[in-house]
Structures are given as C-alpha cells and as structure tokens.
Amino acid sequence: MKSYTITVNGNVYDVTVEENGAGGAAPAAAPVRAAAPAAAPAAPAAAPASSGGAGNVKIEAGAAGKVFSVDKKSGDAVKRGDTILVLEVMKMETPVVAPEDGTVASIDVTVGQSVEAGALLATMNN
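Residues numbered from 1 in each chain as written. Predicted model: local features only at pLDDT ≥ 70, side-chain atom pairs only at ≥ 80, totals over all residues. Heavy atoms only, no water.

Bringing the overall build of the protein into the picture now. Per the secondary structure count, the protein includes zero helices and 12 strands. Mapped in sequence order, the helices and strands of the protein form the string β-β-β-β-β-β-β-β-β-β-β-β. In the protein, which comprises 126 residues, the proportion classed as buried is 33%. Sequence-distant contacts, at least 24 apart, represent 53% of the contacts inside the protein between residues at least 6 apart. (Helix = DSSP H or I, 4+ residues; strand = E, 2+ residues; numbered from the N terminus. Buried < 20%, exposed > 50% of the residue type's maximum accessible area, 1.4 Å probe, protein only. Contact = heavy atoms within 4.5 Å.)

Encoded structure:
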C-alpha cells in the first residue's frame, strides 16, 4: 500500500492506494480531508508518448483523464509543487505538480489528449 496526499481544486486529501496482483493500482479507501495543504506526488507506471521523455524524472498520470491545460513548457524552471499541467479526471480539474525542483525537459501530451493511468505526461531534469 502507498499513501499519497493529493490536492484537488484547493482541497487536500489523503489517499491510500493498494497494488493488485496485475501490477496496477486500485483505491483502497475513500479520500479523507487532510489538515494542511501539500503537493501531490507523481503516480505509478509509464506509457511513453510523443518525445519519449527527455528528462531523468518522469511525471506520470495518476488516473485516466483528458489534458485540460499545459502550464509549463520545455526549459521552464520549476520548484517542487509547481503545477506543470492540469488533467480533467472525472469532471474535476486535477493539477499535476513537479515532484522536486528542476527544469522541465519535455511535455509529452497536448491539450485535449486523453491519457490512461500511468501514461507519461512530462519529464524533468533535477
């Protein structure tokens, strides 16, 4: 089991995810409100897209959805927690944030593109 703190539209949730035998992930419990805001970590598994990822830090989709907006571009410096892009997941805008300080190496999706859970969204260099 892995625990994540996820921010959705300014609301912070603690989520526990249990890995099943097929290597995927399934929610083990409903989200619970957390006391203080925190940045969301990158999610599991990779499915490379367009440029195949130029950086050494992969940023992957935590859930299937549609790319709502791309806020950063290749070469942009980011701090941990900065929004790189926003996914629309189950009709909710979900920011995808930088897991650490670094520079965006590639954006591997476009606005309007549908992505599966675990799909490669972007890469960074730390």
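Moving on, we get to the sheet that holds strand E7 (residues 77–78). An order of E5-E12-E10-E7 is seen for the four strands of this open sheet, with the pairing classed as antiparallel. The sheet terminates laterally at strand E5 (57–60) and E7, the two strands that pair on one side only. Examined bridge by bridge, E7 and strand E10 (residues 102–107) share two bridges and lie antiparallel to one another. Residue pairing for E10: Ala 77 is matched across the bridge by Thr 103. (Pairing = 2+ DSSP bridges.)

We note that Met 90 has phi near 50 degrees; this positive angle belongs to a residue other than glycine. The phi dihedral of Lys 91 falls on the positive side, at around 65 degrees, and the residue is not glycine. With respect to the helices and strands, Lys 91 occurs in the loop between strand E8 (83–89) and strand E9 (92–97).

Moving on, we get to the pattern of salt bridges. Counted according to the given criterion, the structure contains one salt bridge. Linking Asp 76 and Lys 73 is a salt bridge whose minimum nitrogen-to-oxygen distance equals 3.2 Å. (Salt bridge = Lys/Arg side-chain N within 4 Å of Asp/Glu carboxyl O.)

Before going further, it helps to spend a moment on the nonpolar core. Grouped together as the largest cluster of nonpolar side chains are 19 residues, with contacts concentrated most on Ile 84, Leu 85, Leu 87, Val 109, Val 115, Leu 121 and Met 124. Going through the elements one at a time, E5, E8, E10 and strand E12 (120–125) are the ones with two or more residues in this core. The dominant element in this core, judged by the number of residues it contributes, is E8, at four residues. (Core = buried A, V, L, I, M, F, W, Y, C linked by side-chain atoms within 4.5 Å.)

This part covers the environment of Arg 80. Within the secondary structure, Arg 80 is located in the loop between E7 and E8. C-alpha separation for the pair Arg 80 and Pro 99, spaced 19 residues apart in sequence, amounts to 5.3 Å. Among all residues touching Arg 80, those that are not within four sequence positions of it are Ala 98, Pro 99, Glu 100 and Asp 101.

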